[in-house]
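In case you want the letters, here they are:
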Amino acid sequence: MKLTCSKDLLLQYINIVNKAVSNRTTLPILECILLTADEKGFVMTGNDLEIGIKTAPIEAEIAEKGEVAIEARIFNEIVRRLNGESVTIETDDKFAVTILSGTSEFKIMGQSGDDFPSLPEVEQEKIYSMEQAKLRDMIRQTIFSIAQDGSKPVLTGELFELKNTSVNVVSVDGYRISFRKNELLMGSGETEVIVPGKTLAELNKILSQEEEDTLSIYLTEKHILFDLGTAVMVSRLIEGDFIRYAQSFSEDYKTKVIIDKSELIQALERASLVSRDNRKTPVRLMIRANGMDITARSDMGTAHENVSAEVEGDDLAIAFNPRYLIEALRSIEEDSVKMIFMASLSPCTILPVEGDSFKYLILPLRM
């Protein structure tokens, strides 16, 4: 194999496929990036057997076809530090790789591409399409409430409820539920899948923020494929039944609060300064007709804050882990939010003042 391409373009695509390179494995081939040059063009692939990423054809001058697997870490470091504008990559019949650029020449050993695992085949029949920026926001606005332990594997991923015109993304960790809804550009019937949190975290790093950039989603029984145009990501799905989250939400309330989001976040952050452990020393909310009093007490001292709000219904005292409230509120773009409560030991639901684009449910703590 012999090819020449732009250093900046090569580095851009290395950074994309690196998201699917394994850092901890007993199989050295999974620590590699596969470089392939054939009649279709020059592409790179990473695959850790859970996530696989393959780039779209990269602009390059191909002098000789072939493929080789190169250890990703050293390849990335070499290319990043090259001082030339273009890079020439050449391999011999023993998979030794020569990298030339500017005043530099490197020779490193590669591996046969035959040993590199192929990406799973995903039939591209039923298509779901949406703006990349919207999916990026939905993941950011829900991923913080994925379960961190593996005792319930389905909760280590996010539920995607795909419909003809919309998609819901839901995460649950046992203490809270995060729900986001958005429109699809195209749908192919109703289905639902559970996508691993790791996949979504890595996907979010390569999704575009440009409004005009879209992606297509394809599904099989065990895999999901995200086609970003610049690259495709294939991931295994989590098998099992997601919890019936919808029944946890209710529009009934005894106390309703409409409050400025930023003011509430700042008050919660200040109050939680006296707490070393948010679980053992929660913040206490006292909701009255004129607003919300926020207090925190610990061995370090006490804190008190007051935030004005529109309050409807009964007075209420309730306590929360402040981090759970802050993370939910930070993910909301609206200036004000609606919070509804039933009782001191019943969950709080955070909603938009108008519409149904998001819902966050948070369990309280005993005072």
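Because the structure is predicted, anything quoted here is derived from the model rather than measured. Here the residue numbers are simple positions, counted from 1 along each chain's written sequence. This being a predicted model, a pLDDT of at least 70 is required before a residue's local features are given, and a value of 80 or more before pairs of side-chain atoms are given or counted; all residues contribute to the totals for chains, interfaces and linings. Computation of side-chain values covers all heavy atoms of the structure but excludes hydrogens and water.

### Considering the packing of helix H3 (residues 132-140) against helix H4 (residues 197-206)
Logical step 1: Running from N to C, H3 and H4 point in directions that differ by 140 degrees, and their axes come no closer than 10 Å. Relative to H4, H3 is oriented oblique. H3 and H4 meet at a crossing whose hand is left-handed. Residue-level contacts link Gln132, Leu135, Arg136, Ile139 and Arg140 of H3 to Leu200, Leu203, Asn204 and Ile206 of H4.
Logical step 2: Three classes are used, and their members are as follows: Ala, Val, Leu, Ile, Met, Phe, Trp, Tyr, Cys and Pro are nonpolar, Asp, Glu, Lys and Arg are charged, and the others, Gly among them, are polar. Tallied by class, the residues present in the contact of H3 with H4 amount to 5 nonpolar, 2 polar and 2 charged. Inter-axis angles, ranging from 0 to 180 degrees, are taken between N-to-C directions of lines fitted to C-alpha atoms, where helices are fitted over the stretch in contact. Counting from the N terminus, the helices are DSSP H or I runs at least four residues long and the strands are E runs at least two residues long. Geometric relationships in this document are graded by angle, where less than 35 degrees denotes roughly parallel, more than 145 denotes roughly antiparallel, 65 to 115 denotes roughly perpendicular, and other angles denote oblique. Whether a crossing is left-handed or right-handed is set by the direction in which the near helix is turned from the far one by less than a right angle, anticlockwise for left-handed and clockwise for right-handed. In this analysis, two residues are considered to be in contact whenever any of their non-hydrogen atoms come within 4.5 Å of each other.

### Describing the nonpolar core
Logical step 1: Within the largest apolar cluster, 56 residues are counted, with the highest numbers of intra-cluster contacts made by Leu10, Leu35, Met44, Phe75 and Leu203.
Logical step 2: When residues in this core are grouped by element, the largest group, 6 residues, is from helix H1 (residues 7-17).
Logical step 3: Contacts of Leu10, omitting those with residues within four sequence positions, involve Cys5, Phe42, Met44, Phe75, Val79, Val87 and Ile89.
Logical step 4: Core analysis: the second largest hydrophobic core is formed by 35 residues, Leu268, Leu325, Ile326 and Ile350 among them. In this description, a nonpolar core means a group of buried Ala, Val, Leu, Ile, Met, Phe, Trp, Tyr and Cys residues linked to one another through side-chain atoms lying within 4.5 Å. Partly exposed describes any residue whose relative accessible area lies between the buried limit of under 20% and the exposed limit of over 50%, with all areas from a 1.4 Å probe on protein chains only and scaled to the type maximum.

### Notes on the environment of Ile294
Logical step 1: Topologically, Ile294 is positioned in strand E21 (residues 291-298).
Logical step 2: Taking the C-alpha atoms as reference, Ile294 lies 9.8 Å from Ser272; in sequence the two are 22 residues apart.
Logical step 3: When sequence neighbours within four positions are dropped, the list of residues in contact with Ile294 reads Leu264, Ala267, Leu268, Ala271, Val283, Arg284, Leu285, Ala303, His304, Glu305 and Val307.

### Digging into the sheet that holds strand E6 (residues 66-71)
Logical step 1: If DSSP finds at least two bridges between two strands, the strands pair. The strand order across the open sheet formed by 9 strands is E10-E6-E2-E3-E4-E18-E17-E16-E11, and the pairing between neighbours is antiparallel. Pairing within the sheet leaves two strands with one partner each, and these edge strands are strand E10 (111-112) and strand E11 (128-131).
Logical step 2: Across the sheet, H3 is in contact with E11, strand E16 (214-219) and strand E17 (223-227); its angle to E11 comes to roughly 85 degrees.
Logical step 3: Sheet strands in contact with H4 are strand E4 (51-55), E17 and strand E18 (231-236), and its direction is about 170 degrees off that of E18.

### Section: the pattern of salt bridges
Logical step 1: When a carboxyl oxygen of Asp or Glu is within 4 Å of a side-chain nitrogen of Lys or Arg, the pair counts as a salt bridge. Applying the stated criterion across every chain yields a total of 17 salt bridges.
Logical step 2: Residues Arg140 and Asp137 are paired through a salt bridge, measuring 3.7 Å at the closest nitrogen-oxygen approach. Placement of the pair is Arg140 and Asp137 together in helix H3, with a separation of 3 residues, close to one helical turn.
Logical step 3: The class of Arg140 is partly exposed, set by a relative accessible area of 35%.
Logical step 4: Since its relative accessible area comes to 26%, Asp137 is described here as partly exposed.
Logical step 5: Among the salt bridges present, the one from Glu333 reaches Arg140, with a minimum N-O distance of 3.5 Å.

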